Protein chains: 2
Amino acid sequence: MSAVSRDSGKPRYLQIADDLAQQIRAKVLAPGEQVPSEADLMDRYAVSQGTVRKAMTELRATGLIETHHGKGSYVKNRPPVRRKSSDRFRRSHRLAGKAAYLAEAEQAGSTASVRVLYVGPVDAPEEIAERLAVPAGAKVLARRRLYFSDGIPTEEAISYLPWDVAKDIPELFEENPGGGGIYARLEEHGHQLKELAETVRVRLATKQETVALSLSPGSPIIHLTRNAESEAGRVVEVCDTIMAADQFVLDYRIPAGD
Amino acid sequence: MSAVSRDSGKPRYLQIADDLAQQIRAKVLAPGEQVPSEADLMDRYAVSQGTVRKAMTELRATGLIETHHGKGSYVKNRPPVRRKSSDRFRRSHRLAGKAAYLAEAEQAGSTASVRVLYVGPVDAPEEIAERLAVPAGAKVLARRRLYFSDGIPTEEAISYLPWDVAKDIPELFEENPGGGGIYARLEEHGHQLKELAETVRVRLATKQETVALSLSPGSPIIHLTRNAESEAGRVVEVCDTIMAADQFVLDYRIPAGD
DNA sequence: GACCTAAACTCCTCTACATGAGTAACGCTA
DNA sequence: TAGCGTTACTCATGTAGAGGAGTTTAGGTC
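Source: prediction; values computed, not measured.

Here's the deal with the interface of chain A and chain B
It is common to report an interface's size as the accessible area lost on association of the parts.
Part 1: At the junction of the two partners, chain A supplies 37 residues and chain B supplies 36 residues.
Part 2: Of the roughly 3100 Å² buried at the junction of chain A and chain B (both faces included), carbon and sulfur atoms supply 55%.
Part 3: A per-residue breakdown of the area chain A buries against chain B is headed by Tyr252, Ile254 and Ala256 of chain A, which together make up 22% of the total.
Part 4: There are 2 salt bridges connecting chain A and chain B.

Side note on the relation of the copies chain A and chain B
Part 1: For the pair chain A and chain B, the superposition axis carries a translation of 0.5 Å, the fit reaches an RMSD of 0.9 Å, and the rotation angle comes to 179°. Those values place the two copies in the arrangement expected of a two-fold rotation axis. Of every C-alpha in chain A, the one belonging to Pro220 of chain A sits nearest the axis of rotation, 3.3 Å from it.
Part 2: Of all interface residues in chain A, 97% are interface residues in chain B too; the two copies therefore contact each other through one and the same surface.

As for the protein's contact with DNA strand D
Part 1: In the vicinity of DNA strand D, 21 residues are found, and the nearest of them are Glu38 and Arg53 of chain A together with Arg12, Tyr13 and Thr51 of chain B.
Part 2: The sugar-phosphate share of atoms of DNA strand D within 4 Å of the protein amounts to 74%.
Part 3: His69 of chain A is positioned with one of its side-chain polar atoms (N or O) 3.1 Å from a base oxygen of DNA strand D.
Part 4: At 3.2 Å, a backbone N or O of Ser48 of chain B approaches a phosphate oxygen of DNA strand D.
Part 5: Mapped onto the surface near DNA strand D, the elements with two or more residues apiece are helix 3 (49–61) and strand 1 (65–68) of chain A together with helix 1 (12–25) and helix 3 (49–61) of chain B.
Part 6: At 3 residues, the largest contribution of residues to the surface near DNA strand D is made by helix 3 of chain B.
Part 7: Class assignment of the residues belonging to the surface near DNA strand D gives a composition of 3 nonpolar, 12 polar and 6 charged.

Thoughts on the sheet that holds strand 10 (residues 248–255) of chain B
Part 1: Strand order in the open sheet formed by 8 strands is 4(A)-5(A)-6(A)-9(A)-8(A)-7(A)-10(B)-3(B), with mixed pairing between adjacent strands. One side of each edge strand has no neighbouring strand; the edge strands of this open sheet are strand 4 (112–123) of chain A together with strand 3 (82–85) of chain B. Between one strand axis and the next, the sheet turns by 20° as a mean value, whatever way the strands run.
Part 2: Relative to strand 8 (residues 220–230) of chain A, strand 7 (residues 193–204) of chain A runs antiparallel, the two being bridged by 11 bridges. Bridging across to strand 8 of chain A, Val200 of chain A finds its partner in Leu224 of chain A.

Brief notes about the sheet that holds strand 9 (residues 235–244) of chain B
Part 1: Judged by pairing direction, the sheet is mixed, and its 8 strands sit side by side in the order 3(A)-10(A)-7(B)-8(B)-9(B)-6(B)-5(B)-4(B) without closing on themselves. This sheet does not close on itself; its edge strands, each paired only once, are strand 3 (82–85) of chain A together with strand 4 (112–123) of chain B. Sheet twist, expressed as the average angle between the axes of neighbouring strands with direction ignored, equals 20°.

So, how was this worked out
Residues numbered from 1 in each chain as written. Chains lettered and ligands numbered in written order. Predicted model: local features only at pLDDT ≥ 70, side-chain atom pairs only at ≥ 80, totals over all residues. Heavy atoms only, no water. Contact = heavy atoms within 4.5 Å. Buried area = accessible area lost by both parts, 1.4 Å probe. Salt bridge = Lys/Arg side-chain N within 4 Å of Asp/Glu carboxyl O. Least-squares fit on C-alpha atoms with pLDDT ≥ 70 in both. Near = heavy atom within 4 Å. Polar contact = N/O pair within 3.5 Å; in protein donor to acceptor, adjacent residues only side chain to side chain. Helix = DSSP H or I, 4+ residues; strand = E, 2+ residues; numbered from the N terminus. Nonpolar A, V, L, I, M, F, W, Y, C, P; charged D, E, K, R; others polar. Pairing = 2+ DSSP bridges. Axes fitted to C-alpha atoms, helices over the stretch in contact; angles between N-to-C directions.

Right, dumping it as structure tokens:
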């Protein structure tokens, strides 16, 4: 019997949440529907609905379940963690014609896909303009895309390129910029890359982001910004990426020398 | 009057949360105590305590307020963001005798301090042993410390070093390992560092972590793991760091070449 | 002044109930 | 068969009230 009533000093709703969490981790409750309804749990644990709901809220916050109004609560089958290694920017990868994202996905044994949301000119927002060292509001090429892993959206990215850099590279206006991606095209057109500067920020998802990446409200997201600097010392591309934090691990290698 | 009762299709508790959120953003409620008590809000919005609590839970989840049992809810004054740059591992910094953490804090114009929680031998946990390439349970040197910024804890780090590496370096057993930190001492003793491999993970804080870093439950944290590899190809130190996610920005520079 | 206690505040947990609203399945009707 | 409504489930929101547990303060005692 699920005797959760032992007065262990712990609130009942946490005891229930822990009990269910353990069942989920032990696969007693398999990914899929499983989770008993609120009414069921009220009976089972002999508590009121409010208490059950608090337990469920707890599980939802920790990302173990997702609940749908009118249907029930379901054990989340977490998408596999995806590694993002700084190695993905090696020139040799570009020359080999690999698209960073798809190659990584392949390695992880999952099917990846990309949906291009927009490719075309936009007026540079202030922050982007600053990073690109162009006047605020200047025309730049924006490439906005949404990445899927096994059908679920995991990552949204927007790249911006100065117009004078992009205008001579027709592939950049295509949905698919070709093997090796944007960076390969840039290098083919005389913009040898020197360094990529990435900045990692973490915050809770906004309403829009929860929708775009189909997250639960309150989920943390990783906001990755990247500036690509050419050998000429110019920032020839910047990229903003939003990822569900629980689905990614970032790897960086830092030389220890001077 | 705070007429929140308009039936805009939106739940009352969200209307109240939005109302308060707006007041916070407009600085009507300044960082500090401000937020009226639940009883006050019950009167003001003419709703029951449950509804007020839900609104407060919402604000807490979005990180706008923090509430303390028996005292009240306070508008959060976000601590200044601290940058963690991969540059902090430059050998020249080490030779200059800078302690990475304190130097960075100084630059940011805040007062930093460190509390050493433990220095001494421990049996290597499985994951640590694997990263250090020593047998599981082997004796290793652990250095556990808590970093403060302007008096509030921001970061907890544990370093592990293989015993045979550490045993000959007496400074590593001191609370303060001296200028340039652990890495400077390692290099002085023949362990030239080649590369640092950092991996970034994000997740919600556990109960213990919320206590250690005095966070609100549900706050995201950054879990940074680092392996320090010597020129000899050996991992001579590993470090696990837990940081409050909203207080840090991580910077990395990645060479674009091969 | 130093200490202790009691009261008055705060938020926290839980109960019990009522109502609303989304979903799915069944069976009836056209 | 195709479409429609009923019904029976699900979770979501809200009320009213009780008692518990931390925190602060005021007042009293030593």
